[in-house]
Amino acid sequence: ILRDATATRHADSIVNVDHSSPVVLHWQLGSFERVNGTDYLRADVGSEQSYEQGAYEKEASAIRNYLFVNATDKTSHWLIDSDEQLILRVIDLPEGDDNNQPPVKWTCYELVKSDSNHDGRLSGSDSRTLAASDAAGLGYKELIDGIDKTLGYTMRDDDMLLYFYSSGSKNLVSEISLSSRQVTVTKELPALHNTTPAN
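Predicted model, so just to flag it, every value in this text is computed and none were measured. (Residues numbered from 1 in each chain as written. Predicted model: local features only at pLDDT ≥ 70, side-chain atom pairs only at ≥ 80, totals over all residues. Heavy atoms only, no water.)

(A) Representation of the packing of aromatic side chains. Enumeration over the complete set of coordinates arrives at two aromatic pairs. Seen in terms of ring centroids, Y109 and Y140 are 6.0 Å apart; in terms of plane orientation they differ by 55 degrees. Their pairing is tilted. Of this pair, Y109 sits in strand 9 (residues 106-112) while Y140 sits in the loop between strand 11 (128-134) and strand 12 (141-147); the two residues are 31 residues apart in sequence, bridging distant segments of the chain. Each ring, one from Y163 and one from Y165, has its centre 5.6 Å from the other, and the planes form 35 degrees; the classification is tilted. On the basis of relative accessibility, which here comes to 1%, the residue Y163 falls in the buried class. One cation-aromatic arrangement involves R42 over Y66; the distance from NZ or CZ to the ring centre is 5.7 Å. (Phe/Tyr/Trp six-rings, centres within 6.5 Å; stacked < 30°, edge-to-face > 60°. Helix = DSSP H or I, 4+ residues; strand = E, 2+ residues; numbered from the N terminus. Buried < 20%, exposed > 50% of the residue type's maximum accessible area, 1.4 Å probe, protein only. Lys NZ or Arg CZ within 6 Å of the ring centre and 35° of its normal.)

Okay, here's the thing in structure tokens:
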């Protein structure tokens, strides 16, 4: 019983922002991988937090930033100036398949910047933001806030991304120019009809 009560529980993609109990924080740099078709390598910067939650010791890991290194001249830079956010997802565009991996031109990021549901954590349950950069991690810009759920995405052409998502009670699609990092248009999708089962 004592072992169960003091067991350590681990969770991925969570940042504890509740400061009511002490948090031990460690940073670590992940493995560098080449961004396909470029001279750049990218590694994630992760946090490991240990803290007490009720009767349990909790460990939470999360990706907080990315470090880019130019393989030619060895220069390096961070993607984002801050490490306060949680990065949930990275999307390299255009996407290929197992037989064809085109050079990466743009990268999109889904991240959580604030504890929108007030549970003391940054997690996938919070409202998220869509951001984008070029393949080298330069020109980073936030594009859409208040995303509750990603419903899909596709490249309309070499530059335009169609991004489908829900926000509040609405389902939306935004067209994004990746070269200029601008949302060019946002449209609301038809509302779902509430149906009543037949008696």
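Having seen the structure, we can now continue with the description.
(B) Highlighting the nonpolar core. Counting 15 residues, the largest nonpolar core has C108, L130, I144, Y163, I176 and L178 as the members making the most contacts within it. Listed by contribution, the elements that provide at least two residues to this core are strand 8 (86-93), strand 9, strand 11, strand 12, strand 14 (160-167) and strand 15 (170-177). Residues contacting L178, with those up to four places away along its chain left out, are L93, W106, C108, A132, M155, D159 and L161. Counting 13 residues, the second largest nonpolar core, distinct from the first, contains V35, Y66, Y109 and A131. (Core = buried A, V, L, I, M, F, W, Y, C linked by side-chain atoms within 4.5 Å. Contact = heavy atoms within 4.5 Å.)

(C) The sheet that holds strand 14, seen in detail. Taken in spatial order, the four strands make up an open sheet running 13-14-15-16, and their pairing is antiparallel. What marks the edges here is a single partner per strand, and that holds for strand 13 (149-155) and strand 16 (182-188). Averaged over all pairs of adjacent strands, the angle between their axes in this sheet comes to 20 degrees, without regard to strand direction. Bridge analysis of strand 13 against strand 14 gives six bridges, and the strand direction is antiparallel. Looking at strand 14, one finds that T150 is bridged to Y165. (Pairing = 2+ DSSP bridges. Axes fitted to C-alpha atoms, helices over the stretch in contact; angles between N-to-C directions.)

(D) Geometry of the pattern of salt bridges. Summed over the entire model, instances satisfying the criterion amount to seven salt bridges. As a salt-bridge pair, R89 and E110 come within 3.6 Å of each other at their nearest N and O atoms. On the criterion of sequence distance, the pair formed by R89 in strand 8 and E110 in strand 9 is long-range, its members being 21 residues apart. The class for R89 is partly exposed, based on a relative accessible area of 34%. What makes E110 buried here is its relative accessible area of 3%. With a closest N to O distance of 3.3 Å, R156 and D157 form a salt bridge. On the basis of relative accessible area, D157 is assigned to the partly exposed category, the value being 35%. (Salt bridge = Lys/Arg side-chain N within 4 Å of Asp/Glu carboxyl O.)

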